[in-house]
Amino acid sequence: AQKVTQAQTEISVVEKEDVTLDCVYETRDTTYYLFWYKQPPSGELVFLIRRNSFDEQNEISGRYSWNFQKSTSSFNFTITASQVVDSAVYFCALSEAYSGNTPLVFGKGTRLSVIA
Amino acid sequence: NAGVTQTPKFRILKIGQSMTLQCAQDMNHEYMSWYRQDPGMGLRLIHYSVGAGITDQGEVPNGYNVSRSTTEDFPLRLLSAAPSQTSVYFCASSYSRNSPLHFGNGTRLTVT
């Protein structure tokens, strides 16, 4: 069965620091998808990115970047020059392409606090 | 474009009461699911549906029922509320199982 581990429960950084959120996953499928979601203090869940298991290229979107490494089963998320608006809970999630119908399985989340 | 609409936003129940959390989506998505969010536990899957008439259990289904009579609606029923069901509930929909989930704004439920 698939599993997602976010070992960092809470992280606190000072504004403009870089911060990396770790995500380690387990799956027996060779085809799978990885996701990151953001949950700001207002409570809604915002989709950030989806990657499939065949695309190991790093992704950059503005101050956000993602590092996917199949060799270590990790899909880490880096925020460069963090801002107060980045304060949120971030969830990593996994779905398997062929094993049953279960939708996304989420990690427990990492709460990021960016201090001005 | 409403997306995923959940009602109510807040509710307080007494132990033993029943209620239905409503969820509707207007994106013609086949996949719908219910998650609960508890502190330190992340998002845990309660029930999901891959299309009208088809539902299945997730990780924490006990105490909850679902039905999917139409593509648009996926209500979650609490049969006999217990304090352990105090949580924030999110409904979500997606085009396919591996597509990004679109979430509703959540329902905060307190059982006392």
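Small disclaimer: the values here were computed from a predicted structure and weren't measured.

Parameters at a glance
Residues numbered from 1 in each chain as written. Chains lettered and ligands numbered in written order. Predicted model: local features only at pLDDT ≥ 70, side-chain atom pairs only at ≥ 80, totals over all residues. Heavy atoms only, no water. Helix = DSSP H or I, 4+ residues; strand = E, 2+ residues; numbered from the N terminus. Rg over C-alpha atoms; globule rule 2.2 N^0.38 Å. Buried < 20%, exposed > 50% of the residue type's maximum accessible area, 1.4 Å probe, protein only. Contact = heavy atoms within 4.5 Å. Areas by Shrake-Rupley, 256 points an atom, 1.4 Å probe, with all protein chains shown as cover. Lys, Arg positive; Asp, Glu negative; His and termini not counted. Charge placed at Lys NZ, Arg CZ, Asp CG, Glu CD. Salt bridge = Lys/Arg side-chain N within 4 Å of Asp/Glu carboxyl O. 1 Å grid on protein atoms, 1.4 Å probe; cavity = no way out; pocket = protein on both sides within 12 Å on 5 of 7 lines; lining within 4 Å. Points joined across faces, edges and corners; volume = space filled by probe spheres on them.

### Let's talk about the overall build of chain A
Here is step 1 of the chain: When helices and strands are tallied, chain A shows zero helices and twelve strands.
Here is step 2 of the chain: Computed over C-alpha atoms, the radius of gyration of chain A comes to 14 Å, within 12% of the 13 Å expected from 2.2 N^0.38 for 116 residues, which places it in the range of a compact globule.
Here is step 3 of the chain: A principal-axis box enclosing the C-alpha atoms of chain A has dimensions of 45 × 30 × 20 Å.
Here is step 4 of the chain: Within the span of chain A, comprising 116 residues, buried residues form 48% of the whole.
Here is step 5 of the chain: Expressed as a percentage of contacts within chain A between residues at least 6 apart in sequence, the contacts between residues at least 24 apart total 57%.
Here is step 6 of the chain: Looking at chain A as shown, the accessible area adds up to about 5,700 Å², and 47% of this sits on carbon and sulfur atoms.
Here is step 7 of the chain: Computing the positive centroid from 10 side-chain charges and the negative centroid from 13, chain A places the two 3 Å apart.

### Side note on the pattern of salt bridges
Think of it this way: side chains of opposite charge can pair up when their charged atoms draw near.
Here is step 1 of the chain: Enumeration over the complete set of coordinates arrives at five salt bridges over all chains.
Here is step 2 of the chain: The salt bridge involving D86 of chain A is made with R63 of chain A; its shortest N-O contact spans 2.8 Å. Of the two residues, D86 of chain A sits in the loop between β9 (74–79) and β10 (88–96) while R63 of chain A sits in the loop between β7 (59–61) and β8 (64–69), which places them 23 residues apart along the sequence.
Here is step 3 of the chain: A residue is classified by how much of its surface remains accessible, and R63 of chain A, at 25% relative accessible area, is partly exposed.
Here is step 4 of the chain: With a closest N to O distance of 2.9 Å, D38 of chain B and R44 of chain B form a salt bridge. Here D38 of chain B matches R44 of chain B in class, with each residue buried.
Here is step 5 of the chain: Here the residues in one salt-bridge network are R51, D55 and E59 of chain A, joined through shared partners.

### Overview of empty space enclosed by the protein
Here is step 1 of the chain: Enumeration over the complete set of coordinates arrives at one cavity of 30 Å³ or more.
Here is step 2 of the chain: Size it by volume and the largest cavity reaches roughly 30 Å³.
Here is step 3 of the chain: Lining of the largest cavity is provided by P103 of chain A together with Y31, M32, S33, Y48, S49, A92, S93, S94 and L101 of chain B.
Here is step 4 of the chain: Going through the elements one at a time, β4 (31–38), β5 (42–51) and β9 (87–94) of chain B are the ones with two or more residues in the lining of the largest cavity.

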